[in-house]
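An overview of the molecular structure
As a plain string of letters, each chain reads:
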Amino acid sequence: MKGNILVVDDEQVVLKSCERILTPEGYQVNTAASAKEALGLLDKSQYDLIITDLMMPEMNGLDFMKQVRTKNPDINIVVITGYPSQESIKESLSLRIVDYLPKPFSPILLLDVTNKAVELKKKGVAPEPQAEDYTEETAAKLDEIIKKHKDRPGSLIPVLQESQELVGYLPPVVQRHIAKGLKAPVSEVHGVVSFYSFFTMKPKGKHNIRVCLGTACYVKGAEEIVKKIGDGLGIEVGGITGDKKFSFETVRCLGACGLAPVVVVDKDTHGSINPVKVLDLLKDYEA
Ligand code: FES
């Protein structure tokens, strides 16, 4: 069993589809049609992940998450909502959710988010970096980045962006360095890094491949492309090849839906890709 998941939603159709997607992938799925029912289940069983709706009668998702946090400060939570808004993203983030998924979502996206959230719980934190990624010189450059932004409001995001450009990814040691420099809690830095898909805690290969799993790309066969790349390179989503030439990840809509399905390699956008074309495309980068 890959993990124990609790899905909370007042719509039966959503509960059923989460169950249908996650159970065959090896997850044990329990469902609750209300926050109250979910709190009762949480008293009886241990879960690796809660997937919860926000708009529910009697108790909404935010109040539910607040109660969950008092019982279990460490459990991972993913929000699913048909009414996404900046405000609810902000409030959910303050409750340390690991992801926020607007409905409707594709099966592969739900699976991807679930796999990542459960993996995060099992590892506790992302792996520590290799020594060459965090040298004294890197630490000094991180200090320069922090100094440049620290007195400006909303400094965390630009500091993370520039730090990721510098190191290539944001391992825990870099997050701790940033948290110390900005006098922010490590949990806040970690929450932002895990939330935004453009931040990564894993090292990248020389060429980074991103396959869009947004709805337009999904309906045009992105799932097959993901499989083809995984088989072709011998790595899973989120992995890096042994020679560090390629890393491979999936992302939400890249804003190029007219070109679906879309694959981005480094900064190059490739549209109308199919499973046959994609391996030829990668050969060009290999050369
Ligand atoms: S859904 Fe893939 S680019 Fe928009």
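Criteria and cut-off values
- Residues numbered from 1 in each chain as written.
- Predicted model: local features only at pLDDT ≥ 70, side-chain atom pairs only at ≥ 80, totals over all residues.
- Heavy atoms only, no water.
- Axes fitted to C-alpha atoms, helices over the stretch in contact; angles between N-to-C directions.
- Helix = DSSP H or I, 4+ residues; strand = E, 2+ residues; numbered from the N terminus.
- Parallel < 35°, antiparallel > 145°, perpendicular 65-115°, else oblique.
- Left-handed = near helix turned anticlockwise from the far one by under 90°.
- Contact = heavy atoms within 4.5 Å.
- Nonpolar A, V, L, I, M, F, W, Y, C, P; charged D, E, K, R; others polar.
- Core = buried A, V, L, I, M, F, W, Y, C linked by side-chain atoms within 4.5 Å.
- Buried < 20%, exposed > 50% of the residue type's maximum accessible area, 1.4 Å probe, protein only.
- Salt bridge = Lys/Arg side-chain N within 4 Å of Asp/Glu carboxyl O.

A word on the packing of helix α6 (residues 136-149) against helix α8 (residues 172-182). At a closest axis distance of 10 Å, the pairing of α6 and α8 adopts a crossing angle of 40°. Put simply, α6 runs oblique to α8. Between α6 and α8 the crossing geometry is right-handed. Contacts between α6 and α8 involve Ala-139, Leu-142, Asp-143 and Ile-146 from the first element and Val-174, His-177, Ile-178, Gly-181 and Leu-182 from the second. A breakdown of the residues in the contact of α6 with α8 according to their chemical character gives 6 nonpolar, 2 polar and 1 charged.

It is worth spelling out the nonpolar core at this point. Of all hydrophobic cores here, the largest spans 68 residues; its most connected members are Leu-22, Ile-51, Leu-160, Ile-209, Val-211 and Ile-229. Top contributing element to this core by residue count: helix α5 (residues 107-123), with 8 residues. Among all residues touching Val-211, those that are not within four sequence positions of it are Ala-222, Ile-225, Val-226, Ile-229, Phe-248, Glu-249, Thr-250, Val-251, Val-262 and Val-263. By size, the runner-up hydrophobic cluster in this structure holds 25 residues, among which are Ala-35, Met-56, Ile-89 and Leu-93.

Moving on: the pattern of salt bridges. In the structure shown here, the tally under the stated rule is 12 salt bridges. Among the ionic pairs, Glu-11 bridges to Lys-103, the shortest N-O distance being 3.5 Å. A residue pair is termed long-range when its members are at least 10 positions apart, and Glu-11 in the loop between β1 (3-8) and α1 (12-22) and Lys-103 in the loop between β5 (99-102) and α5 qualify at 92 residues. With relative accessibility at 38%, the residue Glu-11 sits in the partly exposed group. The partner of Asp-43 in a salt bridge is Lys-71, and the shortest N-O contact between them spans 2.8 Å. Here Lys-71 lies in helix α3 (residues 61-71) and Asp-43 lies in helix α2 (residues 35-44), a separation of 28 residues in the sequence. Because the salt bridges share partners, they merge into one network encompassing Asp-9, Glu-11, Asp-53 and Lys-103.

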